[in-house]
Amino acid sequence: MIKVGDNVRVITGSNKGKEGKVLKVLRADNKVIVDGVNVVKKHVKPNRTNETGGILEVEAPIHISNVKVLGKDTKKENKKETKKVKEVKEVKEKKASKKKEEKESK
């Protein structure tokens, strides 16, 4: 469940890998607006609140399925997982090299 204020990471799309804080959740559309992610330029006509008008940069909604909630220790967990993967690869390489040596010696 994604809530306002959660830190999320974009897992797919053109903004993949970016992280930000959820500003708004659009439940009816299954979308969220994330700070600094999916920034688009919006052309605005002059009006009473914005007398000059111009081009504004605004965060556009992104689908909920394209974001992943980050926990407090996710960065640490990811480092641990990559370390484990590297160790497993090293062990497999050592076993493979030992098998080759045994075949060559026979």
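Here, every reference points to the structure presented above.
Analysis parameters
Residues numbered from 1 in each chain as written. Predicted model: local features only at pLDDT ≥ 70, side-chain atom pairs only at ≥ 80, totals over all residues. Heavy atoms only, no water. Pairing = 2+ DSSP bridges. Helix = DSSP H or I, 4+ residues; strand = E, 2+ residues; numbered from the N terminus. Core = buried A, V, L, I, M, F, W, Y, C linked by side-chain atoms within 4.5 Å. Buried < 20%, exposed > 50% of the residue type's maximum accessible area, 1.4 Å probe, protein only. Contact = heavy atoms within 4.5 Å.

A. Quick look at the sheet that holds strand β1 (residues 7-10). A sheet is described by the order of its strands in space; here five strands give the open sequence β6-β3-β2-β1-β7, paired in antiparallel fashion. In this open sheet, the two strands that pair with only one neighbour each are β6 (62-63) and β7 (67-69). With three bridges connecting them, β1 and β7 associate as antiparallel partners. Pairing of Val-8 across the sheet is with Val-69, part of β7.

B. Structural view of the nonpolar core. Counting 10 residues, the largest nonpolar core consists of Ile-2, Val-8, Val-10, Val-22, Val-25, Val-32, Val-34, Val-37, Ile-62 and Val-67. Those elements giving two or more residues to this core turn out to be β1, β2 (19-26) and β3 (31-34). Once you skip the residues sitting within four places of it in the chain, Val-32 turns out to touch Ile-2, Val-22, Lys-24, Val-25, Ala-60, Pro-61, Ile-62, Ile-64 and Val-67.

C. Structural detail: the pairing of β3. Direction of pairing for β2 relative to β3: antiparallel, over a ladder of four bridges. The residue bridging Lys-24 from the neighbouring strand is Ile-33, located in β3. Connecting the antiparallel pair β2 and β3 is a turn made up of four residues, with Asn-30 showing a positive phi of about 55°. Here β3 runs beside β6; their pairing, made up of two bridges, is antiparallel. Residue Lys-31 lies in a different strand from β6, and its bridge partner there is His-63.

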